[in-house]
Amino acid sequence: MKNKVQELPNLNIYLLERRITCMTISSLIEAIHTACISNKKVTVANYNIHSFNLSMQLPWYFNFLQSSEIVNCDSVGILKAIGYMGLNLPLEYRASYTLMMPKLLEKCNEKGLSVFLLGTKPQYLETAIQNLRKQYPKAKFAGHHGYFDKQDPQQNQAVVQKINREKPNILIVGMGMPVQEKWVYEHRSRLNVNAILLGGAVIDRLAGVVPDCPSTLSDLGLEWLYRLCREPKRLAARYLLGNPAFALQVALGKFYAPLRVELLSSIDTFNPELAVPVSNSYLNFNNRTQEQEIPVSVAPVYSTSPSI
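Reading guide: rules and limits
- Residues numbered from 1 in each chain as written.
- Predicted model: local features only at pLDDT ≥ 70, side-chain atom pairs only at ≥ 80, totals over all residues.
- Heavy atoms only, no water.
- Helix = DSSP H or I, 4+ residues; strand = E, 2+ residues; numbered from the N terminus.
- Buried < 20%, exposed > 50% of the residue type's maximum accessible area, 1.4 Å probe, protein only.
- Contact = heavy atoms within 4.5 Å.
- Areas by Shrake-Rupley, 256 points an atom, 1.4 Å probe, with all protein chains shown as cover.
- Core = buried A, V, L, I, M, F, W, Y, C linked by side-chain atoms within 4.5 Å.
- Pairing = 2+ DSSP bridges.

**Topic: the overall build of the protein**
Phase 1 of the analysis: For the protein, the count of helices and strands is 13 helices and 10 strands.
Phase 2 of the analysis: The proportion of buried residues among the 308 residues of the protein is 54%.
Phase 3 of the analysis: A separation of at least 24 residues holds for 75% of the contacts in the protein among residues at least 6 apart in sequence.
Phase 4 of the analysis: When the accessible area of the protein is evaluated, it comes to approximately 14400 Å², of which 54% is carbon and sulfur surface.

Structure below.
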């Protein structure tokens with residue numbers, strides 16, 4: 001299984017013209033590590049059904065995701081939508097934070113990288129940092145809570161200065177969608193970090209406040225139901241209205257916005273001029289037939305964007 005995952009190519013999938021970077025967890029971690037050791041700056045955002053809906057509603061949110069170097073797939077629902085549009089991708093392309101964070105933190109511990117956590121309540125943040133320092137003693141951890149006035153220039157400047165004083169390799173922002181994206185969108189040019197990750201409730205999970213969804217449910221694409229049962233008042237509109245809206249958009253999109261695919265070159269390639277066309281026959285996943293005609297081209301993982 002490990003060799004199979006390593007052989008899966010890195011892809012840009014354009015679903016309703018939203019660019020989704022389909023990478024395995026191991027490839028995603030390697031891309032983050034490459035940015036750290038080569039002193040690059042990359043933004044790693046993600047697409048699930050909620051963020052996809054936000055990208056349809058908020059122009060600035062769409063622009064933020066399109067300008068981020070990596071926007072990984074964080075949802076079985078997104079994979080199913082891509083399959084409906086004509087390309088069946090393996091489950092290994094779902095790079096959720098539940099699956100990715102332990103492996104990313106192990107990499108940080110192995111390489112002695114530094115991580116800054118931005119978000120959650122002060123007490124939860126301290127618990128998360130204490131847990132991480134015990135479990136990953138060779139990595140460095142610092143943080144700042146997310147309960148500051150994000151409309152106050154002075155408070156924002158103080159947070160940016162604190163992050164830059166720590167000089168972390170990786171900044172994990174966990175303030176919920178779309179607040180975290182808005183803050184990064186407005187301030188990432190002033191952040192002296194190598195990788196900015198948008199993590200939602202990841203800091204609460206590291207603190208043990210929010211439990212992870214059982215894998216049996218998440219593998220079936222039912223994590224939304226698990227979350228809804230835990231927080232029905234807060235999440236009812238997001239899922240009971242948002243999921244059907246997403247399904248309708250994809251169903252209509254099949255007629256006016258065909259799927260496009262790019263094959264990404266090596267993760268340490270930064271030159272966009274190296275892009276060359278390849279045949280769509282390269283992609284031969286489980287249920288794909290020769291009759292499916294999906295245009296494929298090659299592009300580097302990192303593109304020119306405001307975060308570099």
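**Some points on the nonpolar core**
Phase 1 of the analysis: Ile13, Ile82, Leu89, Leu118, Ile163, Leu171 and Trp183 are the most contacted members of the largest nonpolar core, which has 49 residues in total.
Phase 2 of the analysis: Each residue touching Leu171, except ones within four places of it in the same chain, is listed here: Phe116, Leu118, Ile163, Leu191, Val193, Ala195, Ile196 and Leu197.
Phase 3 of the analysis: In terms of nonpolar packing, the next biggest core, distinct from the first, is built from 36 residues, Ile25, Ala139, Ile170 and Leu197 among them.

**A word on the pairing of strand 2 (residues 18–22)**
Phase 1 of the analysis: Burial analysis of strand 2 places 5 of its 5 residues in the buried class, the great majority of the element.
Phase 2 of the analysis: Where burial is concerned, the two faces of strand 2 agree: the one with Arg18, Ile20 and Cys22 and the one with Arg19 and Thr21 are both buried.
Phase 3 of the analysis: Pairing analysis gives 5 bridges linking strand 1 (residues 11–15) to strand 2, with the strands arranged antiparallel. Directly across from Ile13, in strand 2, lies its bridge partner Ile20.
Phase 4 of the analysis: With antiparallel pairing between neighbouring strands as the criterion, strand 1 and strand 2 make up a hairpin whose turn holds 2 residues, including Leu16 at a positive phi of roughly 50 degrees.

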